[in-house]
Amino acid sequence: MTVTGTSEAITKLDMEAKAAKQERVNKLLETLSSLDPPKRHQDIQAKRYTGSVLWLQEYERFRVWQHWQDTSIRPENTSNRILQCYGIPGAGKTIVSSMVIDHLLSHYGEQRVAYIYCDYRDKTNQNLLNIMGSILKQHLTVTTKIPDPIVDLLETLQKNGKRVMIKDMLQMLKFVIPQTASHFLCIDALDELDPGPRLELLKALQTEFGSTRIFLTGRPHVVSDVSRILQIPSVDSIQITPNLIDLRAYLSYEIELDRESNPDDMNEQLKEEILDGIVSKAQGM
């Protein structure tokens, strides 16, 4: 074999070894959590229409939003790094969350942003272990090199037939979450967690996430829950209520989708009657 041939063979073996290692690491990461927030995020993105909820544009001028996302300002305490958006069912909290997540990802990158979509329909899987595991997996999936201590720990646990415990998860999180104000965590629909996991998660947000900036959404009662459990007198909050212009635009968009396939089923007069009737009775939903 020529020198060139030997070099090519070594390069091929090296690439195969790296690919095998990456596959092994990917399988280890799958053991961290059964939750898949990126998939849920994509599903919600698909449901948003062009121009939907001009929430960020509206609130960019407000001090509370500007102060929360400004990474040049170090939070003075826990309350300064938490921003809550609350609203009644159907107010558009999850759509707002998806827009905030997209905004943060585009401005700060995947390595500095993690997120969770809570869902009452998946209460069995939404415990603290899976939530922390999902946050950890999101960071490890986009990092250029997974820290060796994490790989070693996961391999040891797998070799001994043991599950990852919450103490292991928190230990691994310390390797990937920077103890600075430049990291963001978004949690949508906090109220949809069972009381036990919600309590555990709120405690973990206070003790394990350093200066991480946290964005929460939920129904109005979670505002007092966050203040009480995190033992802070007040948390910056914004109420989510769809304005009538946005609500009308959304309904018009949905109607036009139907009219594309059945253009003769509705004329403009009927469309306007439907819009007027629903908007007048929506009551913020």
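Residues numbered from 1 in each chain as written. Predicted model: local features only at pLDDT ≥ 70, side-chain atom pairs only at ≥ 80, totals over all residues. Heavy atoms only, no water.

With an unreviewed UniProt entry as reference, the chain is termed Nephrocystin 3-like N-terminal domain-containing protein, source organism Terfezia boudieri ATCC MYA-4762.

Asker: Which parts of the structure should I look at to understand the packing of helix H7 (residues 148-159) against helix H8 (residues 166-176)?
Answerer: Between two packed helices, both the angle of their axes relative to each other and the distance between the axes serve to describe the pair. Packing of H7 against H8 brings their axes to within 10 Å, and their N-to-C directions diverge by 160°. Taken as axis vectors, H7 and H8 run roughly antiparallel relative to one another. The interaxial crossing formed by H7 with H8 has left-handed handedness. Side by side, H7 and H8 meet where Pro149, Ile150, Leu153, Leu154 and Leu157 of the first sit next to Asp168, Met172, Phe175 and Val176 of the second. Across the contact of H7 with H8, the residue classes break down as eight nonpolar, no polar and one charged. (Axes fitted to C-alpha atoms, helices over the stretch in contact; angles between N-to-C directions. Helix = DSSP H or I, 4+ residues; strand = E, 2+ residues; numbered from the N terminus. Parallel < 35°, antiparallel > 145°, perpendicular 65-115°, else oblique. Left-handed = near helix turned anticlockwise from the far one by under 90°. Contact = heavy atoms within 4.5 Å. Nonpolar A, V, L, I, M, F, W, Y, C, P; charged D, E, K, R; others polar.)

Asker: So what exactly am I meant to see when it comes to the pairing of strand S3 (residues 184-188) here?
Answerer: Residues in a regular strand point their side chains to alternate faces of the sheet. Burial within S3 is extensive, with five of its five residues counted as buried. Of the two faces of S3, the one holding Phe184, Cys186 and Asp188 and the one holding Leu185 and Ile187 are both buried throughout. Pairing of strand S2 (residues 113-117) with S3 involves five bridges; the strand directions are parallel. Residue pairing in the sheet places Ala114 in a bridge with Leu185 of S3. As paired elements, S3 and strand S4 (residues 213-218) share four bridges and run parallel to each other. The residue of S4 that forms the bridge with Leu185 is Ile214. Regarding the hand of the β-α-β motif, the stretch spanning S3, helix H9 (residues 195-207) and S4 is right-handed. (Buried < 20%, exposed > 50% of the residue type's maximum accessible area, 1.4 Å probe, protein only. Pairing = 2+ DSSP bridges. Right-handed = clockwise from strand over helix to strand, strands pointing away.)

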